[in-house]
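# Survey of secondary and tertiary structure
If you want the building blocks of each chain, they are given just below.
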Amino acid sequence: MALPSTYADRNCSLARALEVVGERWTLMIVRDAFFGVRRFGDFAAQLGIPRAVLTSRLKSLVQEGVLVRDDDGSGTVEYRLTDKGVELWPVVRALMGWGDAHYSPAGVKRATRHDQDGGLLDQDGRCQDCGVLVPVPDIRIEPGPGFVAADSEPDRVSFAINTPRRLLEPVTRRADQVSEVD
C-alpha cells in the first residue's frame, strides 16, 4: 500500500522527509546527482526511468529545494544538488552501506575515500587514515570489491560514474557530441 501524500500526524519529521524523498526513483536521482549526473537525458538513460516519472521527480525535487535547475539560455539544462540536497549524503551513504552489508556478499559496490590522502571512509564519513570527517566535495567514490562491471561497452555516463571521481564532479559532455534540448 502506498503512503498517503500527506500525513495526519504533523509531528513526524520522518513522514515529512518521506514526502520529499520517499517516492520510487527519487533517492536514485539524488544518488546519481551526487555521482555527477546533471542532464535530464543522462538521468533517464542511466536509471532507465520513464521520462514522465523523471520529469515529475525532478520538478518535485526542485520545488523542495533539493535540486536547482540551471538553464544557460542556449537550451542546455542541468540539475545540481543544493546545500539542502547535499545534506542528504549521510542518508544515501547509510542506505548504500546497508545494501552492501545485506545484499553484496563480495563487499561494497562502491568505496568512498578521502580524495586528499586516499584513506577509506568509515560508515560515518570519517577518513580512516587522518581521522577527518570528510566533506562531500572531498569524497572520492570508486568501484569496490563487490562492483560488477557490465558485460557490454558502457555509455559515457556509466563509464564516468564507474571511474574513480569526486562526488558532485559533473559528468561532462564531449565537445563533439550533439547537444540535446532537455
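Residues numbered from 1 in each chain as written. Predicted model: local features only at pLDDT ≥ 70, side-chain atom pairs only at ≥ 80, totals over all residues. Heavy atoms only, no water.

Right, let's get into the overall build of the protein. Within the protein one finds seven helices and five strands. Ordered by position from the N terminus, the helices and strands of the protein form the series α-α-α-α-β-β-α-α-β-β-α-β. Accessible surface, the protein as shown: approximately 10700 Å² in total, 54% of it carbon and sulfur. (Helix = DSSP H or I, 4+ residues; strand = E, 2+ residues; numbered from the N terminus. Areas by Shrake-Rupley, 256 points an atom, 1.4 Å probe, with all protein chains shown as cover.)

For helix 1 (residues 13-21), the full list of buried residues reads Ala15, Val20 and Val21. Tucked inside the fold, the buried residues of helix 1 contact helix 2 (26-34) and helix 4 (51-63). (Buried < 20%, exposed > 50% of the residue type's maximum accessible area, 1.4 Å probe, protein only. Contact = heavy atoms within 4.5 Å.)

Let us look at unusual backbone geometry. Despite not being glycine, Trp25 has its phi angle at roughly 85°, a positive value. As for its placement among the helices and strands, Trp25 is situated in the loop between helix 1 and helix 2. Backbone geometry places Leu168, a non-glycine residue, at a positive phi of 70°. We classify Leu168 as partly exposed; its relative accessible area is 23%.

Looking now at the packing of helix 2 against helix 4. At a minimum axis distance of 10 Å, the contact between helix 2 and helix 4 shows a crossing angle of 70°. The orientation of helix 2 relative to helix 4 falls into the category roughly perpendicular. Contact residues: Thr26, Ile29 and Val30 in helix 2; Leu54, Arg57, Leu58 and Leu61 in helix 4. Per-class residue counts for the contact of helix 2 with helix 4 are five nonpolar, one polar and one charged. (Axes fitted to C-alpha atoms, helices over the stretch in contact; angles between N-to-C directions. Parallel < 35°, antiparallel > 145°, perpendicular 65-115°, else oblique. Nonpolar A, V, L, I, M, F, W, Y, C, P; charged D, E, K, R; others polar.)

This part covers the sheet that holds strand 5 (residues 165-166). Overall, antiparallel pairing links the three strands, which are arranged 3-4-5 in an open sheet. Looking along the sheet, the strands with just one partner apiece sit at the ends: strand 3 (110-114) and strand 5. Taken together, the five bridges between strand 3 and strand 4 (residues 139-143) define a ladder with antiparallel strand orientation. Bridge pairing in strand 4 links Arg113 to Arg140. (Pairing = 2+ DSSP bridges.)

Our focus in this paragraph is helix 6 (residues 89-103). Its 15 residues give helix 6 an end-to-end C-alpha distance of 20 Å, which sits within 8% of 21 Å, the value for a rise of 1.5 Å per residue. Within the sequence span of helix 6, burial applies to Trp89, Val92, Arg93, Gly99 and Asp100. Buried residues of helix 6, seen end-on, are gathered within an arc of 125° and therefore sit on one face of the element. With respect to the buried face of helix 6, the exposed residues turned more than 90 degrees away are Ala101 and His102. Against the buried residues of helix 6 lie helix 2, helix 5 (83-86), strand 3 and strand 4. (Expected span 1.5 Å × (residues − 1). Arc of directions from axis to C-beta.)

Geometric descriptors of this kind do not, in isolation, establish any biological role.
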